[in-house]
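Each chain, letter by letter, is given below.
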Amino acid sequence: MSSTSPELQNNSPAVTPNGKPMDSSKAVQGIVNKKRKKRTRNVIVSILTLLVVGFGVWYFFFRAEPEVQPFIRYAAIDKGDIVKAVSATGTLQATKTVQVGSQVSGTIRALKADFNTRVKKGDLIAELDPTFYQAAVRSAEANYGRAKADLENAERNASRNKELFAKSLVSKAEYDLTETTLAGSKANLVQVQASLDQANVNLSYTKIHAPISGIVTQRSVDVGQTVAASLSAPTIFIIAEDLTEMEVQANVDEADIGQVRQGEDVSFTVDAFPGERFKGAVKMVRLNPVIQQNVVTYTVVISAQNKEEKLYPGMTATVAIVNSSVENVLRIPAAAARFIPLEKDATVPKFNRPQGGDTTARKWSGAGKFAKGDSSHGGRDTTKFRRSKNDFGIIYRKLAKNPQNPDAPTMEPIRIKMGITDGMFAEVVWSDKPLNAGDSLAVGMVMPSKGPQANAPGTNPFGNQARPGGGGGGGGIPRR
């Protein structure tokens, strides 16, 4: 079999682009060159594909991460007030609230009060249709008249038979019968009198009067509406006695209820007046627990003045129950007491603590990671290692850089004893080195998000990534 290519098997001679006949050897050579170019292109594409895949594998799996260095955030010591308080939320209510209902069923014929109407005790505020109850009174009066007539007749018969019995003109049985009839008539009159009294009472209930003086905070019915009092009295009005005296029923968590005492000062805010704080005092701590979804809270009743009547029933109050407070004291950011530095940033002190403690600084392994031996890594609560029962702790004050010794520590440790804290600031009652307002304390360690200079101090803090154990993430400390 001939191995001649299909192009050569064609009887028609090859031609050049100009239409002239082409030599057969040149035609064969052109076909060979074309195949060679195609093979070379395929090889180049394969090599480029392998290079791209290899670069991707190296970039994602074998490329060394660029080493980034964390930086420290600082906050200044200052002087100010610290208030230790228990926070809770509650609902404002009137001190005394009465639900006014109807003891009889019927149709509302008239309403004499509406929302926000001020009423006095005894004022007529609603009236039911009395037609049915007036008929019941007339029926009871008729029964009473009949019973009274029967009693009078029985008395006459008893008096007559008594005289006849004395003359032995009637038998003992007849005399006893008249006496029994007289007693029955007396009892029947009492029963009918009670029915008449009940009918009159029911008729009086068709007129609803205010039980206390106050302001109507709720109206639940309209004229023409039928109320049914078969099982319970339906609520028609709710009257608050005095809105100048309010109370807050706050739900305090069981972990904080032990710090609440009767008579403690309270400040609270409401959403309606966000810039204003209202004052109050703890009136009562109810011992009845409230359990919702396995969360135990206790109700603390707080009395509050509302002379201007700005506060309305039902408002949500954010409450701060003040346990203790100090004024114009040296205070540090609370995050400073939780901060643990790197070994290269500070000299680690060896204190003889009453309860012992972990004074190991964090070790930096480079590439944005902490060493495995770091005692502050892994989400452990470092506060318990840095403070004893006497509230001793360690803070780190910023030192000026020494150009002649770049490896010198950038911070110095200071042992302190803390007083009260509100979670944001802590009072300093003792320190082993002098502290002054304006000194900068380390409060957190922040990792740059991109490159060694990204999110450097003074840039946007929202892109920062706080390292574990860095004392609250190193965010800015709000000032008071």
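Details of the structure are given in the entry above.
K.L.:
Explain the overall build of the chain to me, please; I cannot follow it from the model alone.
P.N.:
A count of helical and extended segments in the chain gives five helices and 20 strands. Within the chain, buried positions represent 35% of all 480 residues. Taking all contacts inside the chain whose residues are at least 6 apart in sequence as the whole, residues at least 24 apart take part in 73%. In the form shown here, the chain has an accessible surface area of approximately 29,300 Å², with 52% of it arising from carbon and sulfur atoms.

K.L.:
Even after reading the chapter, I still don't get the packing of aromatic side chains, so can you show me in this structure?
P.N.:
Describing an aromatic ring pair means giving the distance of the ring centres and the angle of the ring planes. Going through the model one piece at a time under the given rule, you end up with seven aromatic pairs. Ring centres of Phe132 and Tyr133 lie 5.3 Å apart, and the angle between their planes is 85°; on these two criteria the pair is classed as edge-to-face. Given the relative accessible area of 61%, Phe132 is considered exposed. Here Tyr133 falls in the buried class, since its relative accessible area comes to 11%. Measuring from centroid to centroid gives 5.6 Å for Phe268 and Phe278, while their planes differ by 25°, and the two rings are stacked. Here Phe268, found in strand β12 (residues 265-270), pairs with Phe278, found in strand β13 (residues 273-292); they are ten residues apart in sequence, far enough to count as distant. A relative accessible area of 0% places Phe268 in the buried class. Using a relative accessible area of 9% as the deciding quantity, one classes Phe278 as buried. A network of ring pairs unites the aromatic residues Phe268, Phe273 and Phe278 as a single cluster. Against the face of Phe273 rests Lys310, its NZ or CZ located 5.5 Å from the ring centre.

K.L.:
Help me understand the pattern of salt bridges, please; the structure alone is not making it clear to me.
P.N.:
Pairing of side chains with opposite charge becomes possible as their charged atoms draw close. Enumeration over the complete set of coordinates arrives at 13 salt bridges. A salt bridge links Glu276 to Lys310, with the shortest nitrogen-to-oxygen separation between them at 3.1 Å. Of this pair, Glu276 sits in strand β13 while Lys310 sits in the loop between β14 (295-305) and β15 (316-333), and the two are 34 residues apart along the sequence. Taken together, the shared-partner salt bridges connect Arg397, Glu412, Lys433 and Asp439 into one network.

K.L.:
How do you make sense of a nonpolar patch on the surface when you look at a structure like this?
P.N.:
Side chains of Val53, Phe55, Val57, Trp58, Tyr59, Phe60, Phe61 and Phe62 sit close together on the surface and give an oily, nonpolar patch of about 950 Å² of accessible area. Mapped onto the elements, Val57 comes out in helix α2 (residues 24-62). Exposure remark for Val57: the relative accessible area of 34% places this residue in the partly exposed category.

K.L.:
Sorry if this is basic, but what is going on with unusual backbone geometry here?
P.N.:
The phi angle of most residues is negative, glycine excepted, and most peptide bonds adopt the trans form. Positive phi values are uncommon outside glycine, yet Ser168 reaches one of about 60°. Turning to its location among the elements, Ser168 is positioned in the loop between α3 (131-166) and α4 (172-204). One non-glycine residue with positive phi stands out, namely Glu309, at about 55°. Tracing the backbone shows Glu309 in the loop between β14 and β15.

K.L.:
It is not clear to me how the sheet that holds strand β8 (residues 214-219) should be interpreted in this structure. Could you clarify?
P.N.:
In sheet architecture, strand pairing relies on hydrogen bonds along the backbone and comes in two forms, parallel and antiparallel. Overall, antiparallel pairing links the four strands, which are arranged β3-β10-β8-β5 in an open sheet. The open sheet has two edge strands, β3 (97-101) and β5 (118-119), and neither has a second partner. As judged from the five bridges shared by β3 and strand β10 (residues 235-240), these two strands associate in the antiparallel manner. Its bridge partner being in β10, Val98 is matched across the sheet by Ile239.

K.L.:
How should I be thinking about α4 in this particular structure?
P.N.:
Owing to its 3.6 residues per turn, the α-helix aligns residues three or four sequence positions apart on the same side. Its 33 residues place the ends of α4 49 Å apart at the C-alpha level, agreeing with the 48 Å of an ideal helix rising 1.5 Å per residue. Three or more residues of α4 are buried, namely Tyr175, Thr178, Leu182, Ser185, Leu189, Val192, Leu196 and Ala199. Residues of α4 that are buried in the fold lie against α3.

K.L.:
Would you mind going over the nonpolar core with me for this structure?
P.N.:
Nonpolar side chains in soluble globular proteins tend to end up buried together. In this structure, Leu92, Val252, Phe268, Val270, Val300, Val319 and Ile321 are the most contacted members of the largest nonpolar core, which totals 26 residues. Among the elements of the structure, β2 (78-94), β11 (245-253), β12, β13, β14 and β15 are those that each provide at least two residues to this core. If sequence neighbours within four positions are ignored, Leu92 has contacts with Met246, Glu247, Val248, Phe268, Val270, Leu311, Tyr312, Pro313, Gly314 and Met315. With 19 residues, the next largest nonpolar core counts Ile108, Leu128, Tyr133 and Val216 among its residues.

K.L.:
Before we go on, may I ask you to explain the environment of Ala142 in this structure?
P.N.:
For Ala142, the position within the fold is in helix α3. Given the relative accessible area of 42%, Ala142 is considered partly exposed.

K.L.:
Explain the side chain of Gln249 here, please?
P.N.:
Structurally, Gln249 can be placed in strand β11. Take Gln249: its relative accessible area is 18%, and that puts it in the buried class. In this structure the side chain of Gln249 is engaged in a polar contact, spanning 3.3 Å, whose partner is the side chain of Gln93. Leave out the neighbours within four places in its chain, and Gln249 touches Thr89, Gly90, Thr91, Gln93, Arg286, Thr299 and Val300.

K.L.:
Whenever I open this one, the packing of α3 against α4 confuses me. Can you help?
P.N.:
Each pair of packed helices gets described by two things: the angle between the helix axes and the distance between those axes. Look at α3 against α4: their axes get within 8 Å of each other, and the N-to-C directions meet at 160°. Between α3 and α4, the interaxial angle falls into the category roughly antiparallel. Remark: the crossing between α3 and α4 carries left-handed chirality. A breakdown of the residues in the contact of α3 with α4 according to their chemical character gives 17 nonpolar, twelve polar and nine charged.

K.L.:
Quick question: what am I supposed to make of the pairing of strand β19 (residues 440-447) here?
P.N.:
Along any regular strand, the residues point their side chains to alternate faces of the sheet. Among the eight residues that make up β19, seven are buried, leaving the element largely enclosed by the rest of the structure. Here strand β1 (residues 71-76) pairs with β19 via six bridges, running antiparallel. In the sheet register, Ala75 faces β19, and the bridge partner there is Leu441.

K.L.:
Is there a simple way to think about the pairing of strand β17 (residues 411-421) in this case?
P.N.:
The buried fraction of β17 amounts to eight of the eleven residues, a majority that puts the element mostly inside the structure. Sheet topology places strand β16 (residues 392-398) next to β17; seven bridges connect them, and they run antiparallel. Along β17, the bridge assignment pairs Tyr396 with Pro413. Here β17 runs beside strand β18 (residues 425-431); their pairing, made up of four bridges, is antiparallel.

Rules behind the numbers
- Residues numbered from 1 in each chain as written.
- Predicted model: local features only at pLDDT ≥ 70, side-chain atom pairs only at ≥ 80, totals over all residues.
- Heavy atoms only, no water.
- Helix = DSSP H or I, 4+ residues; strand = E, 2+ residues; numbered from the N terminus.
- Buried < 20%, exposed > 50% of the residue type's maximum accessible area, 1.4 Å probe, protein only.
- Contact = heavy atoms within 4.5 Å.
- Areas by Shrake-Rupley, 256 points an atom, 1.4 Å probe, with all protein chains shown as cover.
- Phe/Tyr/Trp six-rings, centres within 6.5 Å; stacked < 30°, edge-to-face > 60°.
- Lys NZ or Arg CZ within 6 Å of the ring centre and 35° of its normal.
- Salt bridge = Lys/Arg side-chain N within 4 Å of Asp/Glu carboxyl O.
- Patch = residues over 30% accessible without salt bridge, like charges linked within 9 Å, V, L, I, M, F, W, Y side chains within 5 Å.
- Pairing = 2+ DSSP bridges.
- Expected span 1.5 Å × (residues − 1).
- Core = buried A, V, L, I, M, F, W, Y, C linked by side-chain atoms within 4.5 Å.
- Polar contact = N/O pair within 3.5 Å; in protein donor to acceptor, adjacent residues only side chain to side chain.
- Axes fitted to C-alpha atoms, helices over the stretch in contact; angles between N-to-C directions.
- Parallel < 35°, antiparallel > 145°, perpendicular 65-115°, else oblique.
- Left-handed = near helix turned anticlockwise from the far one by under 90°.
- Nonpolar A, V, L, I, M, F, W, Y, C, P; charged D, E, K, R; others polar.

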